[in-house]
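So the chains spell out like this:
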Amino acid sequence: MKQQMLYTQMYLDQFNGSIISEWSSSSVQARSWVGCLLSAGYLSAANGKEWTCPDLRPRRALDEISEAPDYGYGQNYGAYRVVEGVNQQDGTIRIWIASSCYIMNFKKMRSPSSFIFIADGKTSNNLCHAKLTPQWGPATWAASPWRAHNSNAVNTAFGDGRAAALNRNELEQTLYNGIVYAVD
């Protein structure tokens, strides 16, 4: 996680503090945080173990364009956060720029030390998915239900580059109050 945040911060320095958080286009490599780092040369699809859940199935090299951008540690693509006990989707940092395309602007982040950017986990079918959905979703939708390995130690990385293992209570205080996830 810490290494991925170092790469992310290098990317942000190169691209004026912004990274794509969601782009519904399967033909564009930079359609997720992983895709952005792949397209800029910070990651390699051949080294997926570095940026995916250790339990990713199947464990194989991923195609650079059609698969790799959709895998990786789950990104808080919706800019969810808890402020004074209230769930919010931070529209000041998650910005719509084009049809089905959102960027996340770290320069507009009020408190990067309390903003969870990525978290370790996987989907219910043991695939890894680059979207972290904390509050809802049927089991058939891409990243739902998001699954953590251990409710007492979910590895996360914050907007300031810090990495930490958080328990469910800490996730509810920072990411989403009432977070829904399963535990293996």
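If you're wondering where the values come from, they're calculated on a predicted model, not measured in any experiment.

Chemist: So what exactly am I meant to see when it comes to the sheet that holds strand 2 (residues 74-75) here?
Modeler: Strand pairing in a sheet is mediated by backbone hydrogen bonds. Such pairs are either parallel or antiparallel. The sheet built from four strands is open, its strands ordered 2-7-9-10 with antiparallel pairing. Looking at the sheet topology across the chains shown, the edges are occupied by strand 2 and strand 10 (163-166). The pairing of strand 9 (residues 154-158) with strand 10 spans four bridges and is antiparallel. Across the sheet, residue N155 finds its bridge partner in strand 10, namely A165. Of the strands in this sheet, strand 7 (116-119), strand 9 and strand 10 touch helix 1 (residues 2-14), which is tilted by about 130° from strand 7.

Chemist: How should the pairing of strand 1 (residues 18-23) be read in this particular structure?
Modeler: For a regular strand, the rule is simple: side chains alternate between the two faces of the sheet. Taking burial as the measure, the six residues of strand 1 include five buried ones, the bulk of the element. Looking at chain direction, strand 1 and strand 6 (residues 101-105) are connected through five bridges and run antiparallel. Within strand 6, the residue paired with I20 across the bridge is I103.

Chemist: Help me out: how do you make sense of the nonpolar core in this one?
Modeler: Generally speaking, nonpolar side chains in soluble globular proteins are found buried as a group. Ranked by internal contacts, the top residues of the largest apolar core, which has 30 residues, are I19, W33, M104, F117 and I118. Secondary structure elements with two or more residues in this core: helix 1, strand 1, helix 2 (33-39), strand 6 and strand 7. Among the elements that make up this core, the one with the highest residue count is helix 2 (five residues). Ignoring anything within four residues of it in the chain, the contact list for F117 reads M5, T8, I19, W33, G74, Q75, N76, M104, F106, A157, F158 and G159. Residues A164, L175, Y176 and I179 belong to the second largest nonpolar core, which totals 14 residues.

Chemist: Any chance you could explain helix 1 here in plain terms?
Modeler: Working note: α-helix, 3.6 residues per turn, so residues spaced by three or four point in the same direction. With 13 residues, helix 1 extends 19 Å from end C-alpha to end C-alpha; this agrees with the ideal 18 Å at 1.5 Å per step. Inspection of helix 1 places Q4, M5, Y7, T8, Y11 and L12 among the buried residues, and these make up the whole buried set. Each buried residue of helix 1 sits inside an arc of 160° when the element is viewed along its axis, so together they form one side. Of the residues in helix 1, the exposed ones pointing more than 90 degrees away from the buried face are K2 and D13. Against strand 1, helix 2, strand 7 and strand 9 lie the buried residues of helix 1. N16, located one to two residues past helix 1, shows a positive phi value of around 55°.

Chemist: Even after reading the chapter, I still don't get the environment of A153, so can you show me in this structure?
Modeler: Looking at where A153 falls in the secondary structure, it is placed in the loop between strand 8 (147-148) and strand 9. By relative accessible area, which is 32% here, A153 ends up partly exposed. Setting aside chain neighbours within four positions, we find A153 in contact with A165 and L166.

Chemist: Mind showing me how you'd approach the side chain of R81 here?
Modeler: Tracing the backbone shows R81 in strand 3 (residues 80-83). In terms of polar contacts, R81 uses its side chain to reach the side chain of D90, at 3.3 Å. R81 has contacts with V86, N87, Q88, D90, M109, S111, S114, F115, T174 and L175, leaving out every residue within four places of it along the chain.

Chemist: For this particular structure, what's the right way to read unusual backbone geometry?
Modeler: The phi torsion of most residues other than glycine is negative, and most of the peptide bonds are trans. Here N16, not a glycine, exhibits a phi torsion of approximately 55°, which is positive. Classification of N16 by relative accessible area gives exposed; the value is 54%. Of note, E84 is a non-glycine position whose phi angle comes to about 50°, a positive value. In this structure, E84 sits in the loop between strand 3 and strand 4 (86-89). Given a relative accessible area of 79%, E84 falls into the exposed group.

What counts as what
- Residues numbered from 1 in each chain as written.
- Predicted model: local features only at pLDDT ≥ 70, side-chain atom pairs only at ≥ 80, totals over all residues.
- Heavy atoms only, no water.
- Pairing = 2+ DSSP bridges.
- Helix = DSSP H or I, 4+ residues; strand = E, 2+ residues; numbered from the N terminus.
- Contact = heavy atoms within 4.5 Å.
- Axes fitted to C-alpha atoms, helices over the stretch in contact; angles between N-to-C directions.
- Buried < 20%, exposed > 50% of the residue type's maximum accessible area, 1.4 Å probe, protein only.
- Core = buried A, V, L, I, M, F, W, Y, C linked by side-chain atoms within 4.5 Å.
- Expected span 1.5 Å × (residues − 1).
- Arc of directions from axis to C-beta.
- Polar contact = N/O pair within 3.5 Å; in protein donor to acceptor, adjacent residues only side chain to side chain.

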